[in-house]
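Listed here are the chains, written in short residue letters.
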Amino acid sequence: MGLLVRFLASAVAVVAAAKWIPGIEVDSWGTAFMAALVLGLINLIVRPLVMLLTLPINLLTLGLFSLVINAIMFWLTGVLVDGLEVSGFVPAFLGALLVAVVTWVADKFVD
C-alpha cells in the first residue's frame, strides 16, 4: 500500500512541478505516471551508483551535493520519458526538490 501511495504522490508532484515551475512541461497524467515510474526506477538503480561515485564530494559538502544528484536524476527522467520536458538545471533542481518533499510528506502519512 505504501508503494502505491508513494507512486501516486510522485505522479501528482510531477504534475504540480509542471504547473508551478517554469521550464517543466508534462503532456498528460499518463505521462506523469510514466515519469513517476521511470524516476522510481532511476532512483532504485542509477542513484546508488552515482551516490557512491560522488561520496567524497558529498562528504565535503555535508550532503548538499545530494540535491544536485536528485536534480540530475529528474533531468534524466525528462530525457527518457516522452512528453516530459525539463529545460535546464534550475527547473530540474526545483522539480526534484518538489518531488522529494511531496513523497516525503506522503511517506509520513503512510507510516
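Quick notes on the rules
- Residues numbered from 1 in each chain as written.
- Predicted model: local features only at pLDDT ≥ 70, side-chain atom pairs only at ≥ 80, totals over all residues.
- Heavy atoms only, no water.
- Patch = residues over 30% accessible without salt bridge, like charges linked within 9 Å, V, L, I, M, F, W, Y side chains within 5 Å.
- Areas by Shrake-Rupley, 256 points an atom, 1.4 Å probe, with all protein chains shown as cover.
- Salt bridge = Lys/Arg side-chain N within 4 Å of Asp/Glu carboxyl O.
- Helix = DSSP H or I, 4+ residues; strand = E, 2+ residues; numbered from the N terminus.
- Phe/Tyr/Trp six-rings, centres within 6.5 Å; stacked < 30°, edge-to-face > 60°.
- Buried < 20%, exposed > 50% of the residue type's maximum accessible area, 1.4 Å probe, protein only.
- UniProt positions renumbered as here; feature names shortened; annotations may be inferred.
- Expected span 1.5 Å × (residues − 1).
- Bend = angle between axes of the 7 residues up to and from the residue.
- Contact = heavy atoms within 4.5 Å.
- Polar contact = N/O pair within 3.5 Å; in protein donor to acceptor, adjacent residues only side chain to side chain.

As named in an unreviewed UniProt entry, the protein is Phage holin family protein, taken from Laceyella sacchari.

Visitor: Looking at this model, I keep getting lost on a nonpolar patch on the surface. Mind explaining?
Guide: Taken together, the side chains of Leu-64, Leu-67, Phe-89, Val-90, Leu-94, Leu-97, Val-101, Trp-104, Val-105 and Phe-109 make up a nonpolar region of the molecular surface, amounting to roughly 990 Å² of accessible area. Broken down by element, the nonpolar patch gets its largest block of residues, eight residues, from helix α5 (residues 89-110). Mapped onto the elements of the fold, Leu-64 is located in the loop between α3 (55-60) and α4 (65-80).

Visitor: What exactly am I supposed to notice about the packing of aromatic side chains here?
Guide: Each aromatic ring pair is characterised by the separation of its centres together with the angle its planes make. Counted under the stated rule, the structure contains three aromatic pairs. The interplanar angle of 25 degrees and the centroid separation of 5.8 Å between the aromatic rings of Phe-7 and Phe-33 together place this pair among those described as stacked. Taken together, the residues Phe-7 in helix α1 (residues 2-20) and Phe-33 in helix α2 (residues 29-53) connect sequence positions 26 residues apart. For Phe-33, a relative accessible area of 31% translates into the label partly exposed. With 6.2 Å between their ring centres and 40 degrees between their planes, Trp-29 and Phe-33 make a pair best called tilted. In this pair, Trp-29 and Phe-33 both sit in helix α2, four residues apart, roughly one turn of the helix. Look at Trp-29 and you get partly exposed, because its relative accessible area is 46%. Linked through ring pairs, Phe-7, Trp-29 and Phe-33 together constitute an aromatic cluster.

Visitor: Which parts of the structure should I look at to understand the UniProt feature "transmembrane region" (unreviewed entry) in the protein?
Guide: Under the UniProt annotation, the feature "transmembrane region" (unreviewed entry) is placed at residues 28-46, 53-76 and 88-106. The annotated region residues 28-46 carries 95% helix and 0% strand content, and the separation between its end C-alpha atoms amounts to 26 Å. Helix makes up 95% of residues 88-106 and strand 0%, and the two end C-alpha atoms of the span are 27 Å apart.

Visitor: I keep staring at the pattern of salt bridges and nothing clicks. Help me out?
Guide: For side chains of opposite charge, pairing can occur when their charged atoms come near one another. Per the stated rule, a full pass over the model turns up one salt bridge. Ionic pairing is found between Arg-6 and Asp-107, a salt bridge with its closest N-O pair at 3.4 Å. Of this pair, Arg-6 sits in helix α1 while Asp-107 sits in helix α5, and the two are 101 residues apart along the sequence. Exposure remark for Arg-6: the relative accessible area of 41% places this residue in the partly exposed category.

Visitor: Sorry if this is basic, but what is going on with α2 here?
Guide: Compared with an ideal rise of 1.5 Å per residue, which puts 25 residues at 36 Å, α2 spans 34 Å between its outermost C-alpha atoms and is within 8% of the ideal. Of all the bends found along α2, the most pronounced is centred on Val-46 and spans about 45 degrees, while Pro-48, a proline, follows it within four residues. Among the residues of α2, those classed as buried are Thr-31, Ala-32, Ala-35, Ala-36, Val-38, Leu-39 and Ile-42. On its buried face, α2 sits against α1, β1 (24-26), α4, β2 (84-86) and α5. The N-cap of α2, judged by a side-chain oxygen 3.4 Å from the amide nitrogen of Gly-30 a few residues on, is Ser-28.

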